[in-house]
Amino acid sequence: GSTDAVLGDPAIRSKVVDNIVKLVTEKQYDGANIDFELLPPNQRDNLTAFMAELYPKMRGMNKTLIISVFPQVDVAEDVSGAYNYPELAKNTDYLQIMTYDYHWSTSPKPGPIAPIDWYEKNLKYAIEKCGGPHKVIIGLGAYGYDWVKGKDGETVTYVDSITRAEQNGAKIIYDETAQAPHFNYGNHEVWFENDKSTAVKLDIIAKYNPAGIALWRLGQEQPEIWPHINKKFPK
């Protein structure tokens, strides 16, 4: 409800824009990341209007503006419909595509967080709709889910996943089609990301050369992904 008010009421929208600008100025931040999630599709024009009002002010202060958006290929309309990629691209420095949660905590069934074919399709789509790779930051998931039949999945880190597999004598299997590790124990099914699945995604990212990557989130990842990132994207 509060999100609807912030985006749907022009007066409140302007107030929020001014507050963001004030905060960025006072704190001397490099910029801001706007992340409205699970917006109903009827907020599409309001979200674009919000960014169109905020972006010139940020640009006038030489501050970076990023908007995080849901992927759009093979994603439900009620999740992705509020994000007008071409229009948002005109009103932000970068769109950060949240290319994860293909299977999520309340999915009808367990599965990979970001299967590689879906991942590449969404990267290509974003680049096409945003006017080029220079506008796109691509998301890298570093987490997983532990699903129990009949219950919501629990978010797990890489360390959680490995520990649970070892404690329960479960064999970790690597799905070559999805390019993702997974295992079962008892009535649990766990899918997560590791250095191998991340390296494959980094190869895809390198092929399309977007503006950057965004990891969700620090502390959940297998530490061994960093040499892969440093190798493929040297500073």
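The notes below deal with the structure included here. Along each chain, residues carry numbers from 1 onward, in the same order as the chain's sequence is written. For this predicted model, a pLDDT threshold of at least 70 governs which residues receive local features, and a threshold of 80 or more governs which side-chain atom pairs are given and counted, while totals over whole chains, interfaces and linings are taken from all residues. As a convention, hydrogens and water are excluded, and side-chain values are obtained from all of the structure's heavy atoms.

## Side note on unusual backbone geometry
With an omega of -10°, the peptide bond running from W216 to R217 counts as cis. To qualify as a helix, a DSSP run of H or I must reach at least 4 residues; to qualify as a strand, a run of E must reach at least 2; elements of each kind are numbered from the N terminus. Looking at the element boundaries, R217 is found in the loop between β10 (212-216) and α9 (225-232). With a phi close to 55°, Q28 is a non-glycine residue in the positive phi region. Its place among the elements puts Q28 in the loop between α2 (10-27) and β1 (31-34). Although it is not a glycine, N209 sits at a positive phi angle of roughly 50°. Counting through the fold element by element, N209 comes out in the loop between α8 (195-208) and β10.

## Observations regarding the nonpolar core
Take the buried Ala, Val, Leu, Ile, Met, Phe, Trp, Tyr and Cys residues and link them wherever side-chain atoms come within 4.5 Å; each set so joined is a nonpolar core. Relative accessibility under 20% of the residue-type maximum defines a buried residue, over 50% an exposed one, and the middle range a partly exposed one, all with a 1.4 Å probe and only protein chains included. Grouped together as the largest cluster of nonpolar side chains are 52 residues, with contacts concentrated most on I34, F50, L54 and L95. Here the element with the most residues in this core is helix α6 (residues 116-130); it accounts for 7 residues. What makes two residues a contact is simply this: any of their non-hydrogen atoms within 4.5 Å. Setting aside chain neighbours within four positions, we find F50 in contact with L7, R13, V16, V17, I20, I34 and F36. In terms of nonpolar packing, the next biggest core, distinct from the first, is built from 9 residues, A165, Y185, V190 and F192 among them.

## Some details on the sheet that holds strand β5 (residues 144-148)
On the basis of which strands lie adjacent, the open sheet formed by 5 strands has the order β6-β5-β9-β8-β7 and antiparallel pairing. Since the sheet does not close on itself, it has two edges, and those belong to β6 (154-156) and β7 (173-175), each with one partner. Within the sheet, the average angular offset between the axes of one strand and its neighbour, ignoring direction, is 25°. Two strands are said to pair when DSSP picks up at least two bridges between them. Examined bridge by bridge, β5 and strand β9 (residues 188-191) share 4 bridges and lie antiparallel to one another. Bridging across to β9, W147 finds its partner in E189. Structural elements are reduced to axes, namely lines fitted to C-alpha atoms, with helices fitted over the stretch in contact, and the angle between N-to-C directions of any two is expressed from 0 to 180 degrees. Together, β5, β6, β8 (180-185) and β9 form the strand contacts of helix α7 (residues 158-167), whose direction differs from that of β6 by roughly 100°.

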